[in-house]
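A look at the structure
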Amino acid sequence: MTHHHAIQPPEGPPRPRLAWSLTAVVLVVALVAFGAVAALWPDKADVPQGADPYGSVAILDATVTEVNPFDCGSTGTGPDNIPMVEGSCANVTAETERGSSAVFTLDPTRYVGGAVEVGDSIRVIEVQPEGQPASYEFYDHQRGPQLLILAVVFAILVAVVGRWRGLFALLGIGITLLVLLRFVLPALLADQPPIAVAVAGSTVIMLAVLYLAHGVSIRTTAALFGTLFGIAFTALVGAMSTDWAHLTGVGSEDDHLLLATAPAMSLAGVVAASMVIAGLGVLNDVTVTQASAVWEMRALKPTAGRAELFGSAMRIGRDHIASSVYTLVFAYAGTAMTTLLLISAYQRPLLEVAVTEGIAQEIVRTLVGAIGLVLAVPITTAIAVWLAPEKLRPEDVVTGSRAL
């Protein structure tokens, strides 16, 4: 007995004319993006360099050799008469990398929960006035080995599970960090147009990440076009929302320090630019998923019309939208957990707190990113349906046979 079944490769039959046309479009996008990066690239002299807050003091590695806790009671009040932490202090002795003995006292804010123990690797600030003995202050814990181990474990797992895709994804992470550290951040500090910097940098990042992680194909190009729409839309709405909501970008002590370091920089523009960059990861996730869903469904049902294909892919997209919106909210809740706990402890009304600069920035950033994400799903799906292999008539479906 012979059984016939449909065999349709996910990418469909070769379509050289479409492939060359899309290649030309992508090359134009790449040339524009790299041209914008070149035009916006700041001169080194234009990038503000903040003064070292520790001046000429030395920061040394040290190992804790002795810890003597004692009850120091209340530490008084801080700014705005806010009570400081009450609890245990500690006199700490540590041996520095130079062989000297560093003695200093930790107040409850630094010794909370017995954070320093004998044998801990720490860093200390050495102050050496001329003609006087050195004094020491606690700087921070040494976390380099722990961070390195976690990074290595992550890279190994990605490479083992993802294989070549995983290795290329790791390369994409490296390119992302390179673009952010060498172009985006210096350009923002040099007071280049924040939205233009964010869009140009994000486009270069996505061009590299998408094709490295998912391969060069029409399907990846469909995801790229959907991602570019999301970037452009988020940039436009982010700029409008920042102005409309009167976000100045000055909502924390770090913002004040940044403004003092780079007074010419527009912090409001930086807020809008951050909306573009913050949503790249989730945006890339949904656009790739939607393009892949369209291609896989076309392979499973080559006779389906475009409307049917779009409807089926959007059913997947709606589930993805729901989970991605949760991801954005949970990500903010996790990173702002300390702030949320403080608000809860003070028992202040939620609406009163939500409209403050610091919280409002995060709310607007999350909502703008979510709006761009939601709209990118149908746009990407429509582009993917348009670029997917064409519908086949039942009699044109390629068949094979096998004996039963």
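Residues numbered from 1 in each chain as written. Predicted model: local features only at pLDDT ≥ 70, side-chain atom pairs only at ≥ 80, totals over all residues. Heavy atoms only, no water.

1. A word on the UniProt feature "transmembrane region" (unreviewed entry) in the chain
Here the UniProt feature "transmembrane region" (unreviewed entry) sits at residues 18-41, 144-161, 168-189, 195-213, 220-240, 260-283, 325-346 and 366-388. Overall, residues 195-213 shows 100% helix and 0% strand. The separation of its end C-alpha atoms is 26 Å. Strand forms 0% of residues 260-283 and helix 75%; the C-alpha atoms that close the span are 34 Å apart. (UniProt positions renumbered as here; feature names shortened; annotations may be inferred. Helix = DSSP H or I, 4+ residues; strand = E, 2+ residues; numbered from the N terminus.)

2. Let's talk about helix H9 (residues 306-335)
Look at H9: 42 Å from first C-alpha to last across 30 residues, which is about the 44 Å you get at 1.5 Å a residue. Residues of H9 that are buried sit in contact with helix H8 (280-300) and helix H12 (357-387). (Expected span 1.5 Å × (residues − 1). Contact = heavy atoms within 4.5 Å.)

3. Brief notes about the layout of surface pockets
Rolling a probe over the atoms, with the probe sized like a water molecule, indicates the empty space that remains. Of the voids in this model, the largest pocket is the one considered here, and its volume is about 520 Å³. When residues of the lining of the largest pocket are traced back to their parent elements, those giving at least two are helix H6 (253-261) and helix H10 (337-346). With 5 residues, the single largest contributor to the lining of the largest pocket is H10. Of the residues assigned to the lining of the largest pocket, the class counts are 5 nonpolar, 4 polar and 4 charged. (1 Å grid on protein atoms, 1.4 Å probe; cavity = no way out; pocket = protein on both sides within 12 Å on 5 of 7 lines; lining within 4 Å. Points joined across faces, edges and corners; volume = space filled by probe spheres on them. Nonpolar A, V, L, I, M, F, W, Y, C, P; charged D, E, K, R; others polar.)

4. Examining the side chain of Ser202
Of note, Ser202 is situated in helix H4 (residues 194-214). Exposure remark for Ser202: the relative accessible area of 2% places this residue in the buried category. A distance of 2.7 Å separates the side chain of Ser202 from the backbone oxygen of Ala198, its partner in a polar contact. Residue contacts for Ser202: discarding those within four places in its chain leaves Ile231, Val276, Ile277 and Leu280. (Buried < 20%, exposed > 50% of the residue type's maximum accessible area, 1.4 Å probe, protein only. Polar contact = N/O pair within 3.5 Å; in protein donor to acceptor, adjacent residues only side chain to side chain.)

5. Some words on the packing of aromatic side chains
Taken as a whole and judged by the stated rule, the model has 4 aromatic pairs. Ring plane angle 25° and centroid distance 5.8 Å describe the contact between Trp41 and Phe183, whose orientation is recorded as stacked. Placement of the pair is Trp41 in the loop between helix H1 (16-40) and strand E2 (58-74) and Phe183 in helix H3 (residues 144-189), with a sequence separation of 142 residues. Judged by relative accessible area, which is 41%, Trp41 ranks as partly exposed. (Phe/Tyr/Trp six-rings, centres within 6.5 Å; stacked < 30°, edge-to-face > 60°.)

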